[in-house]
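Chain by chain, the residues run as shown.
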Amino acid sequence: MSEATETLALYGGPKAVQTDRGDIIDWPIITHEDEEAVLDVLHRRAMSGTDVTKLFEEEFAAWQGTEYALGFSTGTAALQAAMFGCGVGVGDEIICQSLTYWASCLQVYSLGGTVVFCDVDPDTMCMDPADIEHRITDRTKAIMVVHYVGHPADMDPIMEIARAHDIKVIEDVSHAQGGMYKGQMTGTFGDVAGMSLMSGKSLAVGEAGMMVTNDLEIHERGIALGHYGRFGADIKTPSLQPHVGLPMGGYKYRMHQMSSAMGRVQLKYYDERCVEIQKAMNYFWDLLEDVPGVKAHRPAKDSGSTMGGWYAARGLYRGEELGGLSATKFCQAVTAEGVSCSPGINKPLHLHPLFNTTDVYGHGKPTRIANSDRDLRQPPGSLPVTEDIPKRYYAIPWFKHYDEQIIGEHALAYRKAAENYERLLEDDPGDAEGLGGWHFFDHG
């Protein structure tokens, strides 16, 4: 152990982080160009129009590599529209991982359907393809794939399973805009993708969402759900034509044009900003490659897969390599070194009352099973990997700029905690029940 890592700040040693980090984690990057774009909409009183949004949609589709892109008020609405676009309705089931923000799946209730949760891979935190097929029934309409905290899901086997059973695939790209899976952009594998573009995401435009697809009918069903001003005579899908004029879902989901204006500017610079983010984040993990108990949450370097903008960065914790040290104590030590570090991540959705006992719409029974002919609830112990995840992950800094000095000091904080684990074990309180939270960073 080097002299620099001998004494933890938690016990009176010098902090690892000594340099002012400046704007290295500030996001999104706002420039005069963003301001001018937003002010143009404001001064034209065009906030509720669609002219800027349509331009943003065209540019987004070209960037994404899809035929269509449709702007929404939120990512939640975009994902609901993706479900509706795939025909999810009364009695239908979607399969989704339980380890995710609630907006990946909860909207299925409003369509009269329900969700079946699957387990995740412990290293990627994305759905485990081996835990999907046995959950498919004749009611399964779609698989909701989440590229969770930036890591691309294993799309090849997922698509193979879906095509074998003739069910739709929806990608939730809210955490992974611009990420790659084997050289192909996330959001281009399934039948449709939806994503949040709210101000905390890696592609941040304000409060907004986007749905992308190559399927005209799915696209037009997305319009029909909540874009009444655009659901008119130019709709080409025969089954929709008799209903034009009013939103079929009764929703008003258009994107606010101050967000779409900012989105156009943010998209213009997004790829080059992601390059710097990836350089910074990969440098951080490279510095910790030999540290026990601390493992990078990222695809293999030679896989052709990337983390995109590296949203909500996390690390894999392997306490068994540190004498059983709890994630809680490890994070306390890192925080004392000058890095805000907390254990846990999203709590498993299948354990929340909303998916077990809550009657949302007055069915007289839990909404989870109200439109089903079987009890779909999944009790504690039913998804063991997912339930174990919160104590096996921790927060890391989300660097937006590359600075070797600052990144090196932050990496040293994690190294010091890991290399001093024997001292930390002396007063380790262990992990409390229920690490993590239902609300991801209190935004979505």
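In what follows, the structure referred to is the one given above.
Let me begin by describing the structure that accompanies this report. (Residues numbered from 1 in each chain as written. Predicted model: local features only at pLDDT ≥ 70, side-chain atom pairs only at ≥ 80, totals over all residues. Heavy atoms only, no water.)

1. Re the pairing of strand β8 (residues 192–196)
- Most of β8 is tucked away: 5 of the 5 residues are buried.
- The alternating pattern of β8 places Val192, Gly194 and Ser196 on one face and Ala193 and Met195 on the opposite face, and all of these are buried.
- Looking at chain direction, strand β5 (residues 168–172) and β8 are connected through 3 bridges and run parallel. Note on β8: the bridge partner recorded for Ile170 is Val192. (Buried < 20%, exposed > 50% of the residue type's maximum accessible area, 1.4 Å probe, protein only. Helix = DSSP H or I, 4+ residues; strand = E, 2+ residues; numbered from the N terminus. Pairing = 2+ DSSP bridges.)

2. As for the packing of helix α1 (residues 32–43) against helix α6 (residues 257–287)
- Following both chains from N to C, one finds α1 and α6 inclined at 155 degrees, their axes separated by 8 Å at the closest point. Comparing their axes, α6 and α1 come out roughly antiparallel. In this structure, α1 crosses over α6, and the sense of that crossing is right-handed. When α1 is examined against α6, the residues Glu33, Asp34, Ala37, Val38, Val41 and Leu42 are found in contact with a partner set consisting of Gln257, Met258, Ala261, Met262, Val265, Gln266, Lys268 and Tyr269. (Axes fitted to C-alpha atoms, helices over the stretch in contact; angles between N-to-C directions. Parallel < 35°, antiparallel > 145°, perpendicular 65-115°, else oblique. Left-handed = near helix turned anticlockwise from the far one by under 90°. Contact = heavy atoms within 4.5 Å.)

3. Side note on the pattern of salt bridges
- For the structure shown, the criterion picks out 26 salt bridges.
- Linking Asp51 and Arg44 is a salt bridge whose minimum nitrogen-to-oxygen distance equals 3.3 Å.
- A residue is classified by how much of its surface remains accessible, and Asp51, at 40% relative accessible area, is partly exposed.
- Across the salt bridge formed by Arg374 and Glu93, the nearest N and O atoms sit 3.0 Å from each other. With a gap of 281 residues between them, Arg374 in the loop between α8 (367–370) and α9 (384–388) and Glu93 in strand β2 (residues 93–97) connect regions that are remote in the sequence.
- Taking relative accessible area as the criterion, Glu93 reaches 0% and is therefore assigned buried.
- Salt bridges here are not isolated pairs; linked through shared partners, they connect Asp286, Glu289, Arg298 and Lys301. (Salt bridge = Lys/Arg side-chain N within 4 Å of Asp/Glu carboxyl O.)

4. Some words on empty space enclosed by the protein
- Summed over all chains, the structure comprises 2 cavities of 30 Å³ or more.
- Considering only enclosed or pocket space, the second largest cavity measures out at about 40 Å³ in volume.
- In terms of lining, the second largest cavity is formed by Gly49, Thr50, Thr53, Gly71, His227, Arg230, Arg254 and Met255.
- Partitioned by chemical class, the residues of the lining of the second largest cavity number 1 nonpolar, 5 polar and 2 charged. (1 Å grid on protein atoms, 1.4 Å probe; cavity = no way out; pocket = protein on both sides within 12 Å on 5 of 7 lines; lining within 4 Å. Points joined across faces, edges and corners; volume = space filled by probe spheres on them. Nonpolar A, V, L, I, M, F, W, Y, C, P; charged D, E, K, R; others polar.)

5. Topic: helix α2 (residues 51–64)
- Its 14 residues give α2 an end-to-end C-alpha distance of 20 Å, which sits within 8% of 20 Å, the value for a rise of 1.5 Å per residue.
- Every buried residue belonging to α2 is among Val52, Thr53, Phe56, Glu57, Phe60, Ala61, Trp63 and Gln64, and all of these are buried. On an axial view of α2, the arc spanned by its buried residues comes to 165 degrees, and they lie on one face. Structural note: α2 exposes Glu58 and Ala62 on the side pointing more than 90 degrees away from its buried face.
- Turning to α2, the residues buried within the fold contact α1, β1 (68–72), β7 (184–185), β8, β9 (209–213) and α6. (Expected span 1.5 Å × (residues − 1). Arc of directions from axis to C-beta.)

6. Structural notes on the sheet that holds strand β10 (residues 294–296)
- Read from one edge of the open sheet, 3 strands run β10-β11-β12, paired in antiparallel fashion. Edge positions in the open sheet fall to β10 and β12 (393–395), since each of these has one partner strand only. For this sheet, the mean angle separating the axes of adjacent strands, direction not counted, is 40 degrees.
- Sheet analysis places β10 next to strand β11 (residues 314–317), joined by 3 bridges and oriented antiparallel. Considered in β11, the bridge of Ala296 is made with Gly315.

7. Here we look at the environment of Cys86
- Tracing the sequence through the fold places Cys86 in the loop between α3 (75–85) and β2.
- Residue classification places Cys86 among the buried positions, given a relative accessible area of 7%.
- Separated by 333 residues in sequence, Cys86 and Glu419 place their C-alpha atoms 51 Å apart.
- Sequence-distant contacts of Cys86, defined by excluding residues within four places in its chain, comprise Lys141, Lys168, Ile170, Val192 and Ile218.

8. Some thoughts on the side chain of Thr386
- As for its placement among the helices and strands, Thr386 is situated in helix α9.
- Filtering out sequence-adjacent residues up to four positions away, Thr386 remains in contact with Ser98, Leu99, Cys118, Asp119, Val120, Pro348 and His350.

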